[in-house]
Amino acid sequence: MKRALTDLAVFGGPAAFLRPLLVGMPTVGDRARFLARLEWALDNEWLTNGGPLATELEGRIADITGVRYCVATCNATAALQLVLRASGVTGQVIMPSLTFAATPHSASWIGLEPVFCDVDPVTGCLDPARVAELITPATGAIVGVHLWGRAAPVTELEKLAAEHGVKLFFDAAHAFGCTSGDRPIGGFGNAEVFSFHATKTVMSFEGGAVTTDDGELAEQLVALRSFGIDRNKSVTAVGMNAKMSECSAAMGLTSLDAFGETRERNRENHALYRSELSGVPGIEVLPFDESERNNHQYVILLTDHAVTGLHRDRLQTLLQAEKVFPQLYFSPPCHLMPAYRTDPPLRLEHTERLSERVLALPTGPSVSFEDIRRVSSIIRLAAERGEQIDAMWAGAVPA
Ligand SMILES: *Cc1c(COP(=O)(O)O)cnc(C)c1O
């Protein structure tokens, strides 16, 4: 007999009255301020094409990240494409597989070949030794990802890129406001790319930005994001349309105003999850490196099936039944997605191991401490009774 998961009633009554808790709940900031900016843009009758709000946002991001140039875009995926295209990258692009599909898509979409590389088993970021093994004459670039806001090994990767004469970029979608060795993320490699998608810690509905110290690259990016129109109004390159609108910039500025508070709340949320779930065998809330600044945007839970007896996917389903919606950041890894899977499949040991264990938990200013205690108690109970739940499941849900 097939039963609904909620019928298992492990954690008590119906969850229908609960507010859903999601990962990446929007960090709007002061709504009145956003609306005032929007009114201003409408009054000003300048809605896109490098307007004053987008320009202000670019200036503030360049300041925060300590770079000379910031080019705002309609999203990070387009920004990554622009950066690869503007830099004249050809051939293969070495990147982690433990990332969002946008990272390889941005290379594939412009005719480059993503080459997936294994990660460090602890940090989840590119392992420079594995990168070195994959560099060939066909390599055009390396794209590192600052996974969960923890910096990729920037120094080692910069050294490798310089040695082999290949470009180095970072997908910094997770890492706005984070540092590596006291230097802000945004200034490493040839350029870095941020996302201001609605789920990110600073958000502009949709949006992204490239940060770089390379003036020539910045100028090319400005042209390419606007149909290849250069500063003399001549179409000198095959560009696309990847501009940031003033509406997005108004949201981005307002969300950025609130970033300090957002970060502080997320830091407290993370600390509470850590303490609530400490000492539970087979469950770890990934700590942050106290010597670095982080945005604390992602609370990453790593589960160990062998210890809890409860598969990660079942824990996720249990949480969903309680209206808690964790995210699988990132599972499956890109090299096992139908779009990239090869036959036989590539094996990336550390990537696959992390990918099977990961669960990103709800956080953000709108997630209360009470919410976190509730989510934690579900996880604690589930982990402690893992085998029992697994056995019930086997009876309840036919394979
Ligand atoms: C969100 C995200 C992106 C894509 O950003 P968009 O602005 O939505 O295009 C790329 N890479 C990573 C790691 C992300 O988390």
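Residues numbered from 1 in each chain as written. Predicted model: local features only at pLDDT ≥ 70, side-chain atom pairs only at ≥ 80, totals over all residues. Heavy atoms only, no water.

## Side note on the UniProt feature "active site" (unreviewed entry) in the chain
Argument step 1. Feature annotation in UniProt places "active site" (unreviewed entry) on Lys200, given in this structure's numbering.
Argument step 2. Relative to the elements of secondary structure, Lys200 occurs in the loop between strand S9 (191–195) and strand S10 (208–212). (UniProt positions renumbered as here; feature names shortened; annotations may be inferred. Helix = DSSP H or I, 4+ residues; strand = E, 2+ residues; numbered from the N terminus.)

## Some points on unusual backbone geometry
Argument step 1. Note that the residue after Tyr329, namely Phe330, is joined by a cis bond; omega there is 10°.
Argument step 2. Mapped onto the elements of the fold, Phe330 is located in the loop between strand S13 (324–325) and helix H12 (349–357).
Argument step 3. Phi at Glu45 takes a positive value of approximately 55°, unusual for a residue other than glycine.
Argument step 4. Mapping Glu45 onto the fold places it in the loop between helix H1 (31–44) and helix H2 (52–65).

## What about the nonpolar core?
Argument step 1. Val131, Ile142, Trp148, Leu157, Phe176, Phe196 and Ile300 are the most contacted members of the largest nonpolar core, which has 58 residues in total.
Argument step 2. When residues of this core are assigned to domains, at least three fall in each of domain 1 (31–257) and domain 2 (261–326 + 362–390).
Argument step 3. Ignoring sequence-local partners within four residues, the contact set of Val131 consists of Ile94, Cys117, Leu126, Ile142, Leu157 and Leu160.
Argument step 4. Grouped together as the second largest cluster of nonpolar side chains are 31 residues, Ala141, Ala191, Leu221 and Tyr340 included. (Core = buried A, V, L, I, M, F, W, Y, C linked by side-chain atoms within 4.5 Å. Buried < 20%, exposed > 50% of the residue type's maximum accessible area, 1.4 Å probe, protein only. Domains from an automatic or database assignment. Contact = heavy atoms within 4.5 Å.)

## A short note on the site of the ligand
Argument step 1. Close to the ligand lie 14 residues, the nearest being Ala76, Thr77, Asp171, Ser195 and Lys200.
Argument step 2. Here a nitrogen atom of the ligand sits 2.7 Å away from a polar atom, N or O, in the side chain of Asp171.
Argument step 3. Contact between the ligand and Ser195: an oxygen atom at 2.7 Å from a side-chain N or O atom of the residue.
Argument step 4. Here the ligand has 380 Å² of accessible area as a free molecule, and 93% of this is covered by the chains. (Near = heavy atom within 4 Å. Polar contact = N/O pair within 3.5 Å; in protein donor to acceptor, adjacent residues only side chain to side chain. Areas by Shrake-Rupley, 256 points an atom, 1.4 Å probe, with all protein chains shown as cover.)

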